[in-house]
Amino acid sequence: MARIVVTGGAGFLGSHLSEALLDRGEEVVVLDNLLTGSVTNIEHLFGRHGFTFVHHDVSTYIWVPGPVDAVMHLASPASPIDYLELPIQTMKVGSLGTHNALGLARAKGARFFLASTSEVYGDPEVHPQPETYWGRVNPIGPRGVYDEAKRFAEAITLAYHREHDLDVRIVRIFNTYGPRMRAQDGRVVSNLLVQAIKGEPLTIYGDGTQTRSFCYVDDEIRGLLALLDSDHTGPINIGNDGEFTMLELAELVLEVTGSGSTIEHRPLPVDDPTQRRPDLTLARTLLGWEPTVGLRDGLERTAAHFRRQLGDDATSG
Ligand code: NAD
Ligand code: UDP
């Protein structure tokens, strides 16, 4: 049994990760300032043996009493609407927050795990994206606050590895969706599902020919744990390599929800990547990991979550 600190553990991915760690018998200490997360995501974990929640901004000094075996650093706004609204906090948590989390891992002799992102590839010219691709990021565009913070986070993680011999893992997460996404999260899967369920027009940014590859949350968390447990430093891509245009996604959302919503085009955000698909060769060969949940199946499960959430909201409102 190990004791694992999860920064950002009250968020979408962090709460699923914390639950999976508890399920396999680990102790979990969540550090989260609830900037984009919510106690609702973890309230079912409070009664569980070995679970602790600390309300803390990890961009300020972090201290956790007692032994720590791993620090998993997930704290960061992740939805474009969040990081465009919170540019400085996003840069701080990617830089100062990562530095503090590395310092904690070093002081405790713990393994450090960084949640990086496919956004380090920017608007990629190499397709699909292997980990060897350096990316095409606009450092001064609005998305740069997130992309560059994560690129800095990868660089300082490897600096700690090289200079202090810290045991580190870096995952590059590709678009992940599933239950516990907020209805107002702003990412495309939650937006379209919620709009379809409510019978509102589906908002497609630009002409909808841009592509993404969507990974169901259970697959993603299994991949994160496989990397944590492995001997590989990374970075390693974890995502689903099925690739869809946003128009194809919208069609599937309409089918899955049985909705009669129309499609409404909105302006394409600045620097919106035109294509994205992970090259999963490393994940498959080094980790023996494979995504298993197809988009239709994952959308059905996520639609059920939003139906419950929207139904509950309607009842309580
Ligand atoms: P999320 O917004 O649901 O969760 C992020 C969590 O971090 C929230 O609970 C938030 O309150 C917390 N947080 C933010 N700043 C903090 C700070 N300074 N101190 C403490 N806590 C702080 O997002 P998510 O989708 O769960 O993403 C989790 C991580 O995975 C992020 O690092 C993100 O960059 C990475 N990631 C996610 C995706 C995805 O598709 N979900 C893709 C690539 C990378
Ligand atoms: N998008 C869209 N409609 C929405 C939200 C997003 O068409 O309501 C598009 C967005 O422009 C991008 C893709 O969907 O091309 C994925 O956006 P998301 O915010 O989910 O994640 P990103 O991969 O851009 O970080």
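Residues numbered from 1 in each chain as written. Chains lettered and ligands numbered in written order. Predicted model: local features only at pLDDT ≥ 70, side-chain atom pairs only at ≥ 80, totals over all residues. Heavy atoms only, no water.

*Asks:* If you had to explain the overall build of the protein to someone new, which residues and values would you point to?
*Replies:* Across its full length, the protein holds nine helices and 13 strands. Taken over the C-alpha trace, the protein has a radius of gyration of 19 Å; the compact-globule value for 317 residues is 20 Å, and the two agree within 12%. Across its three principal axes, the protein shows a C-alpha extent of roughly 55 × 45 × 40 Å. Going through the 317 residues of the protein one by one, you find that 56% of them count as buried. Sequence separation of at least 24 residues holds for 81% of the intrachain contacts in the protein that already meet a minimum separation of 6. About 13,300 Å² of surface is accessible on the protein, with carbon and sulfur atoms providing 53% of the total. Here the protein contributes 28 positive and 42 negative side-chain charges, whose respective centroids are spaced 3 Å apart. (Helix = DSSP H or I, 4+ residues; strand = E, 2+ residues; numbered from the N terminus. Rg over C-alpha atoms; globule rule 2.2 N^0.38 Å. Buried < 20%, exposed > 50% of the residue type's maximum accessible area, 1.4 Å probe, protein only. Contact = heavy atoms within 4.5 Å. Areas by Shrake-Rupley, 256 points an atom, 1.4 Å probe, with all protein chains shown as cover. Lys, Arg positive; Asp, Glu negative; His and termini not counted. Charge placed at Lys NZ, Arg CZ, Asp CG, Glu CD.)

*Asks:* Summarise the site of ligand 2; cite the residues concerned and give the values.
*Replies:* By nearness alone, 17 residues border ligand 2, and Val188, Thr203, Arg212, Asp272 and Arg276 come closest of all. Val188 has a polar backbone atom sitting 2.8 Å from an oxygen atom of ligand 2. Contact between ligand 2 and Arg212: an oxygen atom at 2.7 Å from a side-chain N or O atom of the residue. Compared with its free state, where it exposes 520 Å², ligand 2 has 96% of that area covered by protein. Among the secondary structure elements, those contributing two or more residues to the shell around ligand 2 are α5 (188-198) and β8 (202-205). Among the elements that take part in the shell around ligand 2, β8 stands out by supplying three residues, more than any other. (Near = heavy atom within 4 Å. Polar contact = N/O pair within 3.5 Å; in protein donor to acceptor, adjacent residues only side chain to side chain.)

*Asks:* Give me the side chain of Glu131: which residues, what numbers.
*Replies:* Locating Glu131 in the fold gives a position in the loop between β5 (111-117) and α4 (144-164). Only 2.8 Å separates the side chain of Glu131 from the backbone nitrogen of Asn237, close enough to count as a polar contact. In contact with Glu131, not counting residues within four places along its chain, are Tyr121, Arg172, Pro235, Ile236, Asn237, Asp279 and Leu282.

*Asks:* Summarise the pattern of salt bridges; cite the residues concerned and give the values.
*Replies:* Evaluation of the coordinates by the stated rule reveals 26 salt bridges. The closest approach of N and O atoms between Arg277 and Glu243, which form a salt bridge, is 2.9 Å. Remark: Glu243 occurs in the loop between β11 (236-238) and β12 (244-245) and Arg277 occurs in the loop between β13 (263-266) and α8 (281-287); sequence separation between them is 34 residues. Using a relative accessible area of 26% as the deciding quantity, one classes Arg277 as partly exposed. In this structure, Glu255 and Arg296 form a salt bridge, with 2.7 Å as the shortest nitrogen-oxygen distance. One end of the pair, Glu255, is in helix α7 (residues 246-257); the other, Arg296, is in helix α9 (residues 295-316), and 41 residues separate them in sequence. Look at Arg296 and you get partly exposed, because its relative accessible area is 39%. Several salt bridges share partner residues, and in doing so they unite Glu119, Arg143, Arg212, Asp272 and Arg276 into one network. (Salt bridge = Lys/Arg side-chain N within 4 Å of Asp/Glu carboxyl O.)

*Asks:* Outline the site of ligand 1, listing residues and values.
*Replies:* What surrounds ligand 1 is a group of 29 residues, the closest being Asp32, Thr36, Tyr146, Lys150 and Thr176. With respect to ligand 1, the backbone of Leu74 contributes an N or O atom lying 2.8 Å from an oxygen atom. Contact with the protein chains removes 97% of the 820 Å² of surface that ligand 1 exposes when unbound. Elements with a contribution of two residues or more to the shell around ligand 1: α1 (12-23), β5 and α4. Broken down by element, the residue count for the shell around ligand 1 peaks at three residues, all from β5. Partitioning the shell around ligand 1 into residue classes produces 13 nonpolar, twelve polar and four charged. (Nonpolar A, V, L, I, M, F, W, Y, C, P; charged D, E, K, R; others polar.)

Everything listed here is a matter of coordinates, which is why it stays silent on function.
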